[in-house]
Amino acid sequence: MDFQGKLRFADEEKERGMAVIESMVEGVVVIDSDQKILLINSVLSQAFDLKRNEIQGRLFWEVFRDPRLNEMIEKSLKSRLPAGLEHSILLSNSVFQIQVSPVFKGEEFLGVTAVFHDVTKLKELERLRSDFVANVSHELKTPLTSIIGSIETLKEGAAENPRDRARFLDVIDEHSKNLRHLIEDLLLLSKVESGRENLRREKLDAEKILKKVIGTLDLDLNSKKIKVNLDFPEKPFLILADAKSIEQVFLNLIGNAIKYNEPGGKITVRGFYEADSAKIEFEDTGIGIPESDIPRIFERFYRVDKSRSRESGGTGLGLAIVKHIIERHSGQIHVKSHPQQGSTFTITLPRH
Ligand code: ADP
């Protein structure tokens, strides 16, 4: 091959190499043994907010003004050994796992390649998981502390006095039930979040399920003198959903409409069709939700008023469960609320 041919061949190889690097989801930079940037793909130049044509051929440490990264590349260039680092790049708020590898052609050392894996999402998931574990532990500890405290007081003599005994047994009873409720909700949440259970979509009469749910809440409704009004002009009001899951959604939403209602308040459940969907509104005349809290109420353990939620046996997981179930039905949930006037939760489900 003549010299021109060799050059063309080298160019073609370079282009091919560039195409491979460009197609990678990771950020890649190739640095030669003179510390100059040979190649950089767009993933990386964008992450660092760099203009590609302005940096090719420049010294890497002039371009990446990041001491930890530069130190690692320099070390690898000197030692000709691989190096690794997990590093947050402040510029883009991203966390990258960076792997630097030496490149050899036979015996000849050509430089290093640095590959940047974006692990920002993974890190965020790790953070959420550890926050969740911390929250669960805290939520379990609170009722347990009361239970243990009451048992100790009883053992120290309160059990001799019938009134004290009854009082502390009531505390133990209430907090044990809260604990059981919390564990049940945690198991339920993990089931719906994992998506392990297949949903059976069947034709269901929403009003019939609502009546069943309201029946189970009779005691709470009576003790707060709250009336529920069902407004379903179309009968039967058919939806396409998994019976058990949708019953849980209705139970949580009506349960909340009772818990956060005033004594003597009202709940109206309304159903209507809109195009291909069935909408059900749960309206209450309760305490309402401040506007700034609305975006957060579907988060696990988020409560506007922790003590009010706990006193009424809330776990802070009810709406997270509702949202997951609705989303697994390809549905949606929306909230409108005015403090001191009431709230309306609207769910949209596929129509049968
Ligand atoms: P909880 O077990 O605390 O009721 P949820 O996940 O069901 O947990 O609800 C989260 C928070 O949203 C509640 O603690 C409460 O502050 C608020 N909330 C939910 N439903 C209503 C409602 N109908 N009216 C007023 N506030 C509500």
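The structure this text deals with has already been given above.
The structure presented is a predicted model; accordingly, all values stated were derived computationally and were not measured.

Undergrad: Please explain the overall build of the protein chain as it appears in this structure.
TA: Counting secondary structure elements, the protein chain contains twelve helices and twelve strands. Over its C-alpha trace the protein chain gives a radius of gyration of 31 Å, far above what one expects of a compact globule, namely 20 Å for 352 residues. The principal-axis extents of the C-alpha atoms in the protein chain amount to approximately 100 × 65 × 35 Å. Within the span of the protein chain, comprising 352 residues, buried residues form 40% of the whole. Within the protein chain, contacts between residues separated by at least 24 positions form 59% of all contacts whose residues are at least 6 apart in sequence.

Undergrad: How should I be thinking about the side chain of Ser 150 in this particular structure?
TA: With respect to the helices and strands, Ser 150 occurs in helix H6 (residues 120-155). By relative accessible area, which is 4% here, Ser 150 ends up buried. Setting aside anything within four residues of it in sequence, one finds Ser 150 in contact with Phe 168, Val 171 and Ile 172.

Undergrad: Is there a simple way to explain the packing of H6 against helix H7 (residues 162-194) in this structure?
TA: Helix packing for two helices is described by the angle between their axes and how far apart those axes are. Interhelical geometry of H6 versus H7 gives an angle of 160° and a closest axis separation of 9 Å. When the interaxial angle is binned, H6 and H7 end up roughly antiparallel. In this structure, H6 crosses over H7, and the sense of that crossing is left-handed. When H6 is examined against H7, the residues Phe 132, Val 136, Glu 139, Leu 140, Pro 143, Leu 144, Ser 146, Ile 147, Ser 150, Ile 151, Thr 153 and Leu 154 are found in contact with a partner set consisting of Arg 165, Phe 168, Leu 169, Val 171, Ile 172, His 175, Ser 176, Leu 179, Leu 182, Ile 183 and Leu 186. Here the contact of H6 with H7 is built from residues that sort into 16 nonpolar, five polar and two charged.

Undergrad: I would appreciate a short explanation of the environment of Pro 143 in the present structure.
TA: In this fold, Pro 143 is placed in helix H6. Exposure remark for Pro 143: the relative accessible area of 8% places this residue in the buried category. Once the C-alpha coordinates of Pro 143 and Ser 176 are considered, the two residues, 33 residues apart in sequence, prove to be 7.2 Å apart.

Undergrad: I would appreciate a short explanation of the layout of surface pockets in the present structure.
TA: Remark: the empty space left among the atoms is shown by a probe the size of a water molecule rolled over them. Each pocket or cavity is described by its volume, and for the largest pocket that value is around 1100 Å³. Every residue lining the largest pocket is counted, 48 residues in all, and those nearest its centre are Gly 255, Asn 256, Lys 259, Tyr 260 and Gly 314. Residue assignment for the lining of the largest pocket shows that the elements contributing at least two residues are H7, helix H9 (218-224), helix H10 (243-259), strand E10 (277-284), helix H11 (306-311), helix H12 (318-328) and strand E12 (342-350). With nine residues, the top contributor of residues to the lining of the largest pocket is H10. When residues of the lining of the largest pocket are assigned to domains, at least three fall in each of domain 2 (120-197) and domain 3 (200-352). There is about 490 Å³ of room inside the second largest pocket. Forming the boundary of the second largest pocket are 18 residues, of which Lys 14, Val 30, Leu 38, Val 103 and Leu 110 lie nearest the centre. Class assignment for the residues of the lining of the second largest pocket results in ten nonpolar, three polar and five charged.

Undergrad: Is there a simple way to explain the site of the ligand in this structure?
TA: Neighbouring residues of the ligand: 19 residues in total, closest Tyr 260, Ser 309, Thr 315, Gly 316 and Leu 319. In the environment of the ligand, an oxygen atom lies 2.7 Å from a nitrogen or oxygen atom belonging to the backbone of Thr 315. Take Gly 318: an N or O atom from its main chain is 3.3 Å from an oxygen atom of the ligand. A total of 540 Å² of accessible area belongs to the ligand in isolation, and the protein chains cover 97% of it. Given that more than half its atoms are within 2 Å of the pocket grid, the ligand belongs to the largest pocket. Among the elements of the structure, H10, H12 and E12 are those that each provide at least two residues to the shell around the ligand. Classifying every residue of the shell around the ligand by side-chain character gives eight nonpolar, eight polar and three charged.

About the cut-offs
- Residues numbered from 1 in each chain as written.
- Predicted model: local features only at pLDDT ≥ 70, side-chain atom pairs only at ≥ 80, totals over all residues.
- Heavy atoms only, no water.
- Helix = DSSP H or I, 4+ residues; strand = E, 2+ residues; numbered from the N terminus.
- Rg over C-alpha atoms; globule rule 2.2 N^0.38 Å.
- Buried < 20%, exposed > 50% of the residue type's maximum accessible area, 1.4 Å probe, protein only.
- Contact = heavy atoms within 4.5 Å.
- Axes fitted to C-alpha atoms, helices over the stretch in contact; angles between N-to-C directions.
- Parallel < 35°, antiparallel > 145°, perpendicular 65-115°, else oblique.
- Left-handed = near helix turned anticlockwise from the far one by under 90°.
- Nonpolar A, V, L, I, M, F, W, Y, C, P; charged D, E, K, R; others polar.
- 1 Å grid on protein atoms, 1.4 Å probe; cavity = no way out; pocket = protein on both sides within 12 Å on 5 of 7 lines; lining within 4 Å.
- Points joined across faces, edges and corners; volume = space filled by probe spheres on them.
- Domains from an automatic or database assignment.
- Near = heavy atom within 4 Å.
- Polar contact = N/O pair within 3.5 Å; in protein donor to acceptor, adjacent residues only side chain to side chain.
- Areas by Shrake-Rupley, 256 points an atom, 1.4 Å probe, with all protein chains shown as cover.
- Sits in = over half its atoms within 2 Å of the grid points.

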